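These are the residues of each chain, in order.
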Amino acid sequence: MWLVLAATAACAGTAGTAVRAPRDQGTRWQARLLRIEDTRRDEPAFVDSLAVSTDGGARRAAALTIGRLTARSHLAVIRRLATDADSGVAATALFALGLLKDSASVALASTALRRHGAVAVEAAWLLGETGASGREAIVSALTDSGLPSATRGALLLAAARLRPVPAAAVVRFVASVDTGLAWRAAYVLARVRSAAGVRALLAASSAPASELREQVARGLARPAAGDSLATEAQRALTRLVRDPDARVRINAVRSGATYGASWRASVVMALRDADAGVRLAAAQSLTLVGDSTAGFWMRAFDADTAFAVQEAVADGAARAGAHVAGERTWRGSSEWNRRAAVAQLDSRGQATTALERLRPWMLDRDGRVRAMTTGAIATLADSATTRFAAKGLLRDALRDADVGVRAAALTGLASGATSDDLAAALTSYDVALTDGDIDARLAFWQLADSALTHNRGVLPDSVHQRLAAIARPEQPLERVAAARISRFSAWRDSGGTPRDLAWYEDRAREMVRRSPVARIETARGTLELRLAPSDAPLTVHNFVSLAERGYFDGQRFHRVVPNFVVQAGDPRGDGSGGPGYAIRDELNRLRYARGVVGMALSGPHTGGSQFFVTHSAQPHLDGGYTVFGRLIAGGEVLDRIVQGDRIVRVTIR
């Protein structure tokens, strides 16, 4: 369900002296909050003044800003807001306390479970975010039949965040007549492959709700079923792999493959499924069920013409010590991704032989092929037989013109980096200063940290002098990376440079206008996404701005994981590209149901242009990735998209 928690009317209910929210020009106070979040430069007096405003919207916005800043100096303020009489304010404050992982708020959250509605849902989420501190409260509340279904559903998802999962408290809900509770309980048990839940999952394997069968199929893998229930689990999976719902079949193929060769026929059958996601899941599972005969792999390779499927088959064959003839035509292909696939295959097998096969790929005309090859060489640097030669190739790659190659080389050298590695990396850093992308500079600081840790006191003076000459980086992300090193700790400030207040006022006005719709035209059809500026104004503005200048046009869906996400927004097409800048996360209370649009990240505040759309509910993403839209049309198109499909154009209306 798309959970939009709208603004509520102002009311009294906060402790302290209530004041009117600053309403100069209507949007000025909201603009100031956006500037605070964008730059991560707190203005305590201003934020606290909003927290005691008579305007419920101002109190709610202040609570969210505190959570996004993870500003623990405001904890007393936000705990007070969590008891606000305005349910929108209280729910947002509880969500913010979850972002802060405030274990001291467990008692407060336990009490808030009784308020029902959004407040109780966010209280449950907070308990899950506190981990072990919230375990007793979650388990106790799950036994309370007086709590409404929405609250218990939220508690089940909170239980999924605990380690170990309290299976005994969860398992009874799998048999609930309430589908919402049943699938959530099954999700919890399946996500951790709980042995304690297998019998309950087996009993639900014929349930009428496809979302429940989907989780059952996921939870019946061999690691959960063990020897004692393996026969029953396989019997259920044999039925589920023929389920009318493709998402159920995808999970059944994956789980069935964990039983090995006995499931070979079912996986091979799935290679010819009508659904592209099922076929790809089957191809990726072949390595668990296949044999080493060339004939087996050739038949699998020829079962589908989609490159993503054939690539998965070829990789499985290489792992099994076999090869498929079709891959040989990729070696001289004009398409970089096919050459990159062959290079990846060449990295398999005995280390010294693999390294020799990879050397020629470092001369490929396309940086993306060289970057993938560099990453493969980095893995060979861990082998005693190839360490010296592999590290030499990685140091050579530090001079490559492609930022992705240099970033991969720096990352590969970072583990146990020597003084020679750091000296070479310093030269590479000078090149990286001219990059439009920050990846190589971030990788440099990772290597520098390793080298300084492992070679303390033995680095040449020339290296220390070159380190001392590095200017304070302009990018906040780079300053954070550098500040992990003690000598650069003064750079720890992650604040960004603010824009004119008028720019933030424009974004604040966009928050209350009609939400824009993004139309993503593909060869498979059109996806329509309703964007959510009221919940993620800076993220939506960034996406709209990129779309309106044609940034996404002609790009491809570079990552598709069946029954998880489709991902796009990378101009390189290899998963490492972006717009040359990063935007701040805008974590919010929207949940990852099917068709929800989120920002892809490689760490906090690293979003730029890559985005994803979920195939199915993914509660583990809640509160961790900015939600900024949802699918309103084109669900069947979403399910047809395969890796490599092209975006024709993105338009905004």
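Owing to the predicted nature of the structure, the values given are computational and were not obtained by experimental measurement.

The next point concerns the sheet that holds strand β3 (residues 559-561). The 8 strands are arranged β3-β4-β6-β5-β7-β2-β1-β8 in an open sheet whose pairing can be described as antiparallel. Strands at the two margins of the open sheet, each flanked by one partner only, are β3 and β8 (647-652). For this sheet, the mean inter-axis angle between neighbouring strands, taken without regard to orientation, is 25 degrees. Inspection of the sheet shows strand β5 (residues 596-599) paired to strand β7 (residues 627-633) by 3 bridges, in the antiparallel sense. Among the inter-strand pairings, Val597 is bridged to a residue of β7, identified as Gly629.

Moving on to the layout of surface pockets. Taken as a whole, the second largest pocket spans an internal volume of roughly 870 Å³. The wall of the second largest pocket is formed by 39 residues, among which Leu157, Trp183, Arg184, Arg591 and Pro619 lie closest to the centre. Among the elements of the structure, α7 (117-129), α9 (149-159), α11 (179-191) and α13 (210-219) are those that each provide at least two residues to the lining of the second largest pocket. Here the residues of the lining of the second largest pocket are counted per class, giving 18 nonpolar, 9 polar and 12 charged.

So, about unusual backbone geometry. With the exception of glycine, most residues fall at negative phi, and the peptide bonds are largely trans. A cis amide bond links Arg163 to the next residue, Pro164, at an omega of -5 degrees. Relative to the helices and strands, Pro164 is located in the loop between α9 and α10 (167-170). The residue Lys101 is not glycine, and still its phi comes out positive at about 50 degrees. Checked against the element boundaries, Lys101 lands in the loop between α5 (87-99) and α6 (106-112). Exposure remark for Lys101: the relative accessible area of 47% places this residue in the partly exposed category.

At a minimum axis separation of 7 Å, helix α18 (residues 276-289) and helix α20 (residues 307-319) run at an interaxial angle of 10 degrees. It follows from the interaxial angle that α18 and α20 lie roughly parallel. Here Arg279, Leu280, Ala283, Gln284, Leu286 and Thr287 of α18 lie close against α20, whose contacting residues are Ala308, Val309, Ala312, Val313, Gly316 and Arg319. Its residues assigned to classes, the contact of α18 with α20 shows 7 nonpolar, 3 polar and 2 charged.

All chains considered together, the criterion is met by 46 salt bridges. Put simply, Arg591 and Glu122 hold a salt bridge, and the shortest N to O gap is 3.1 Å. Separated by 469 residues along the polypeptide, Arg591 in the loop between β4 (565-568) and β5 and Glu122 in helix α7 bring together distant segments of the chain. Just as Arg591 is buried, Glu122 falls in that class too. For Asp506, the salt bridge is made with Arg509, and the minimal N-O distance between the two is 2.7 Å. A residue pair is termed a helical-turn pair when its members lie 3 or 4 positions apart in one helix, as Asp506 and Arg509 do in helix α30 (residues 501-512) at 3 residues. With a relative accessible area of 31%, Arg509 lands in the partly exposed category. Here the residues in one salt-bridge network are Arg519, Glu521, Glu528, Arg649 and Arg653, joined through shared partners.

A two-sided burial pattern is seen for β4, the buried positions comprising Val565 and Gln567 on one face and Val566 and Ala568 on the other. Here 3 bridges tie β3 to β4, and the two strands are oriented antiparallel to one another. Within the sheet, the bridge partner assigned to Arg559 lies in β4 and is Gln567. Adjacent in sequence and paired antiparallel, β3 and β4 are bridged by 3 residues, among which Asn563 carries a positive phi angle near 60 degrees. By the bridge criterion, 4 bridges tie β4 to strand β6 (residues 611-614) in an arrangement that is antiparallel.

Right, let's get into the side chain of Thr130. Tracing the backbone through its elements, the reader meets Thr130 in the loop between α7 and α8 (135-142). Only 2.7 Å separates the side chain of Thr130 from the backbone oxygen of Leu127, close enough to count as a polar contact. Those residues in contact with Thr130 that sit more than four places away from it in its chain are Lys101, Asp102, Ser103 and Val106.

So, how was this worked out
- Residues numbered from 1 in each chain as written.
- Predicted model: local features only at pLDDT ≥ 70, side-chain atom pairs only at ≥ 80, totals over all residues.
- Heavy atoms only, no water.
- Pairing = 2+ DSSP bridges.
- Helix = DSSP H or I, 4+ residues; strand = E, 2+ residues; numbered from the N terminus.
- Axes fitted to C-alpha atoms, helices over the stretch in contact; angles between N-to-C directions.
- 1 Å grid on protein atoms, 1.4 Å probe; cavity = no way out; pocket = protein on both sides within 12 Å on 5 of 7 lines; lining within 4 Å.
- Points joined across faces, edges and corners; volume = space filled by probe spheres on them.
- Nonpolar A, V, L, I, M, F, W, Y, C, P; charged D, E, K, R; others polar.
- Buried < 20%, exposed > 50% of the residue type's maximum accessible area, 1.4 Å probe, protein only.
- Parallel < 35°, antiparallel > 145°, perpendicular 65-115°, else oblique.
- Contact = heavy atoms within 4.5 Å.
- Salt bridge = Lys/Arg side-chain N within 4 Å of Asp/Glu carboxyl O.
- Polar contact = N/O pair within 3.5 Å; in protein donor to acceptor, adjacent residues only side chain to side chain.

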